[in-house]
Every structure is written in structure tokens, then in C-alpha cells.
Amino acid sequence: MKDYDVYLFDMDGTLVNSEPLKGKALALACSDYGAEVDFNIYKDVMGESWQIVTSHFFTAAQISPDLAEFNQHFRSYYEQLLSEQLELNHGAKAYIDKLIKSGKKCGVVSSAATWMVENILDSLDLNSAFDVVITQEHVTKHKPDPEAYSLALSMLSVSSTQTVVFEDSTAGVNAGRSSGCEVVAINHSFNAKNDLSGAVKVIDSYEEMFE
């Protein structure tokens, strides 16, 4: 792969193992409404907007809760799971450290809510690692729209040709490509249903980036 000036990372699934935890928290929140659902159904909608994700779970659970109330149930479970089970994906910390030492700019571009991203960055002591952090609240259009990546490029004053994006979902890969960036895709146990064929490289571990 060529040498880039800027490295932008999606958060959930790409940098950390939070996708299964998010699915489990959604299922636990549904259980508060008397419904039992398999958290693995999150694999069907991983990378989609929160509206699509919650609607998928509500349909499976046959419930119609107030979304704001449901989100509070979800947040309580998700924060607990993050505190107990959150981990960086294999090789991610060493790779980010290498990029920073090489003078590269790094950023997070996530579709997750700000509180989710801040919680993860705080937990893993990564706040100082990134030059820009884009979350759900910074944009009006969700991935696969390129708005979030275009905003990051603008904030860092760099061109897409100088930038590579790391993603783990169909929507994310398409968003990165639509912004003009090349994309590296991450394989993990929760994204098998996603089409990553638009990436220039697909990896199972960040250690492959050292090769």
C-alpha cells in the first residue's frame, strides 16, 4: 500500500470489539419490555442508522416502545458492557502509535452518538491519539453518505488522495469511497453479511498493516 498523510478510522468494529456488545445491549433493553431476542440479529443491520437498527429489534421483539425511553435502557446496558468487556481490536494500538510517531494525522469518523465515542476513547485512554473526532451529531446524513468523511477532510485541510479510511461495514466502505478516499476493510465475527469488496485491502488484524 502507498504511504498516506491521514488515517481515518471508524470506531465500532473497526477499532474496538463493540459491535457484539451493542447487539447484546439492544437485546437486554428489549428484555426490559418482556421480549426475548437473539442479539445476533444485530448482524443484519450493523453499520446502518440507529433508526434502522432499533426498528429491526422492535420488529423482532414485537414491541413499540418510546424510543427515548428505550435508548436510556440501552445506554445503561451498553455502558456496563463497555466497562466490562471493551477491547481494542488486535494490533490497533501498536498501529496507531506507529502512525503518530511517523508524524501522520489520525482521526475517528463514527456514526455513533457522541457519548458512545467519548466513553470508548476515555476507557481506552485514546483521547490524545486523534486530531479529529466526528460523531453522529456532527453531520445530518448517515453513512453511506460521505458527509462525515468529507467533514473530516475539511477540518484537517487535506485531500482525499492523501487519506485512507478504515471501515468494517458496507455503508462505511461506500462512505469512504464516495468521499474520494481509498478504504481498508476490517474482517470480524459480526460483519460477515457486509460487502467489503470496495476496499483496496481487507485485513483480519492491524498486524497485517506492518507487513
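Residues numbered from 1 in each chain as written. Predicted model: local features only at pLDDT ≥ 70, side-chain atom pairs only at ≥ 80, totals over all residues. Heavy atoms only, no water.

### A few points about the sheet that holds strand β5 (residues 182-186)
Item 1. An order of β3-β2-β1-β4-β5-β6 is seen for the six strands of this open sheet, with the pairing classed as parallel. The sheet is open, and its two borders are formed by β3 (132-134) and β6 (201-203), each paired with just one other strand. Across this sheet, the average inter-strand angle for adjacent strands is 20°, counted without regard to direction. (Pairing = 2+ DSSP bridges. Helix = DSSP H or I, 4+ residues; strand = E, 2+ residues; numbered from the N terminus. Axes fitted to C-alpha atoms, helices over the stretch in contact; angles between N-to-C directions.)

### Points about helix α7 (residues 170-178)
Each turn of an α-helix holds 3.6 residues, which means side chains three or four residues apart point in the same direction.
Item 1. Three or more residues of α7 are buried, namely Ala171, Gly172, Val173, Ala175 and Gly176.
Item 2. On its buried side, α7 packs onto α6 (147-156), β4 (163-167) and β5.
Item 3. Just downstream of α7, glycine 180 is the residue with a positive phi angle, here 100°. (Buried < 20%, exposed > 50% of the residue type's maximum accessible area, 1.4 Å probe, protein only. Contact = heavy atoms within 4.5 Å.)

### Overview of the state of the cysteines
Item 1. Scanning the entire structure with this criterion turns up zero disulfides.
Item 2. In this structure cysteine 181 is not part of a disulfide, and its nearest cysteine sulfur, from cysteine 106, lies 14 Å away. (Disulfide = S-S within 2.5 Å.)

### Details of a negative patch on the surface
Item 1. A grouping of Glu118, Asp122, Asp125 and Glu137 is seen on the molecular surface, where their side chains present a negatively charged patch.
Item 2. Note that glutamate 118 resides in helix α5 (residues 114-123).
Item 3. Given the relative accessible area of 46%, glutamate 118 is considered partly exposed. (Patch = residues over 30% accessible without salt bridge, like charges linked within 9 Å, V, L, I, M, F, W, Y side chains within 5 Å. Areas by Shrake-Rupley, 256 points an atom, 1.4 Å probe, with all protein chains shown as cover. Salt bridge = Lys/Arg side-chain N within 4 Å of Asp/Glu carboxyl O. Lys, Arg positive; Asp, Glu negative; His and termini not counted. Charge placed at Lys NZ, Arg CZ, Asp CG, Glu CD.)

### Quick look at the packing of helix α1 (residues 18-31) against helix α2 (residues 50-61)
Item 1. One can describe the packing of α1 onto α2 by two numbers: an axis separation of 10 Å at closest approach and a directional angle of 50°. Relative to α2, the element α1 is oriented oblique. In this structure, α1 crosses over α2, and the sense of that crossing is right-handed. Residues Lys22, Gly23, Leu26, Ala27 and Cys30 of α1 form the contact with α2, whose own contacting residues are Trp50, Val53, Thr54, Phe57 and Ala61.
Item 2. A per-class count over the contact of α1 with α2 returns seven nonpolar, two polar and one charged. (Parallel < 35°, antiparallel > 145°, perpendicular 65-115°, else oblique. Left-handed = near helix turned anticlockwise from the far one by under 90°. Nonpolar A, V, L, I, M, F, W, Y, C, P; charged D, E, K, R; others polar.)

### Description of the packing of aromatic side chains
Item 1. In the structure shown here, the tally under the stated rule is 17 aromatic pairs.
Item 2. Consider the rings of phenylalanine 9 and tyrosine 95, whose centres lie 6.5 Å apart with planes at 80°: the pair is edge-to-face. Of this pair, phenylalanine 9 sits in strand β1 (residues 6-9) while tyrosine 95 sits in helix α4 (residues 92-101), and the two are 86 residues apart along the sequence. For the residue pair phenylalanine 9 and tyrosine 95, the accessibility class agrees, reading buried in each case.
Item 3. Judged by centre distance (5.1 Å) and plane angle (20°), the rings of phenylalanine 74 and tyrosine 78 are stacked. Note that phenylalanine 74 and tyrosine 78 are positioned in helix α3 (residues 67-85) at a spacing of four residues, about one turn of the helix.
Item 4. The exposure class assigned to tyrosine 78 is buried, which follows from its relative accessible area of 0%.
Item 5. Feature note: the residues Tyr4, Tyr7, Phe9, Tyr95, Phe166, Tyr206 and Phe210 constitute an aromatic cluster, connected by ring pairs.
Item 6. Lysine 24 extends its terminal NZ or CZ atom over the ring of phenylalanine 39, reaching a point 5.4 Å from the ring centre. (Phe/Tyr/Trp six-rings, centres within 6.5 Å; stacked < 30°, edge-to-face > 60°. Lys NZ or Arg CZ within 6 Å of the ring centre and 35° of its normal.)

### A look at unusual backbone geometry
Item 1. Across the junction of lysine 143 and proline 144, the peptide omega takes the value 20°, indicating a cis bond.
Item 2. Looking at where proline 144 falls in the secondary structure, it is placed in the loop between β3 and α6.
Item 3. Even without glycine at this site, glutamine 62 takes up a positive phi of about 55°.
Item 4. When you line up the elements, glutamine 62 lands in the loop between α2 and α3.

### Observations concerning the pairing of β4
Item 1. Counted residue by residue, β4 has five buried out of five residues, so it is predominantly covered.
Item 2. Alternating positions in β4 separate into two faces, Thr163, Val165 and Glu167 on one and Val164 and Phe166 on the other, with burial throughout.
Item 3. With four bridges connecting them, β1 and β4 associate as parallel partners. If you follow tyrosine 7 over to β4, its bridge partner there is valine 164.
Item 4. Running through α7, the crossover from β4 to the neighbouring parallel element β5 is right-handed. (Right-handed = clockwise from strand over helix to strand, strands pointing away.)

### Focus on α1
Item 1. A rise of 1.5 Å per residue sets the reference length of α1, with its 14 residues, at 20 Å; its end C-alpha atoms lie 20 Å apart and thus fit the reference within 8%.
Item 2. Of all 14 residues making up α1, ten are buried, and the element is well covered by its neighbours.
Item 3. Where α1 is concerned, the buried positions are Ser18, Glu19, Leu21, Lys22, Gly23, Ala25, Leu26, Ala27, Ala29 and Cys30.
Item 4. Tucked inside the fold, the buried residues of α1 contact α2, α3 and α5. (Expected span 1.5 Å × (residues − 1).)

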